[in-house]
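# Analysis of the macromolecular model
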Amino acid sequence: MRAHDEMPRHDDEVTLAACPDGPLLLRGPVRIVDDRGQDVPRHRATVALCRCGGTAIPPWCDGTHKVNGYRSET
Ligand code: FES
């Protein structure tokens, strides 16, 4: 079991979990806005936010972290 799976979940709970050498997994009812304050539509209950800086579809992870050598410290 991974660390982000260990805590009980509730429908109104928000969790942000760091994947080793990968994205941040955001779960729960949270509004995401861009740098202009505009809503970023999300279509899934769980979304992956890029933290390597290499994605072509920000703010979402597109898997580029697997090929660009990104290493997380957490
Ligand atoms: S973390 Fe996956 S593309 Fe950046």
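Remember, it's a predicted structure, so these values are computed and weren't measured experimentally. (Residues numbered from 1 in each chain as written. Predicted model: local features only at pLDDT ≥ 70, side-chain atom pairs only at ≥ 80, totals over all residues.)

## A short note on the sheet that holds strand β2 (residues 24-27)
Taken in spatial order, the 3 strands make up an open sheet running β1-β2-β3, and their pairing is antiparallel. Here the strands that pair on one side only, and so sit at the sheet edges, are β1 (15-18) and β3 (46-49). For this sheet, the mean angle separating the axes of adjacent strands, direction not counted, is 25°. The sheet contact formed by β1 and β2 spans 4 bridges and is antiparallel. Within β2, the residue paired with Thr15 across the bridge is Arg27. (Pairing = 2+ DSSP bridges. Helix = DSSP H or I, 4+ residues; strand = E, 2+ residues; numbered from the N terminus. Axes fitted to C-alpha atoms, helices over the stretch in contact; angles between N-to-C directions.)

## Comments concerning the environment of Pro23
With respect to the secondary-structure elements, Pro23 resides in the loop between β1 and β2. Overall, the presence of 24 C-beta atoms within 10 Å leaves Pro23 in the buried class. For the pair Pro23 and Trp60, spaced 37 residues apart in sequence, the C-alpha to C-alpha distance is 8.4 Å. In contact with Pro23, other than residues within four places in its own chain, are Ala48, Leu49, Cys50, Arg51, Cys61 and His65. (Buried ≥ 20, exposed ≤ 12 C-beta atoms within 10 Å, placed from the backbone. Contact = placed C-beta atoms within 7 Å.)

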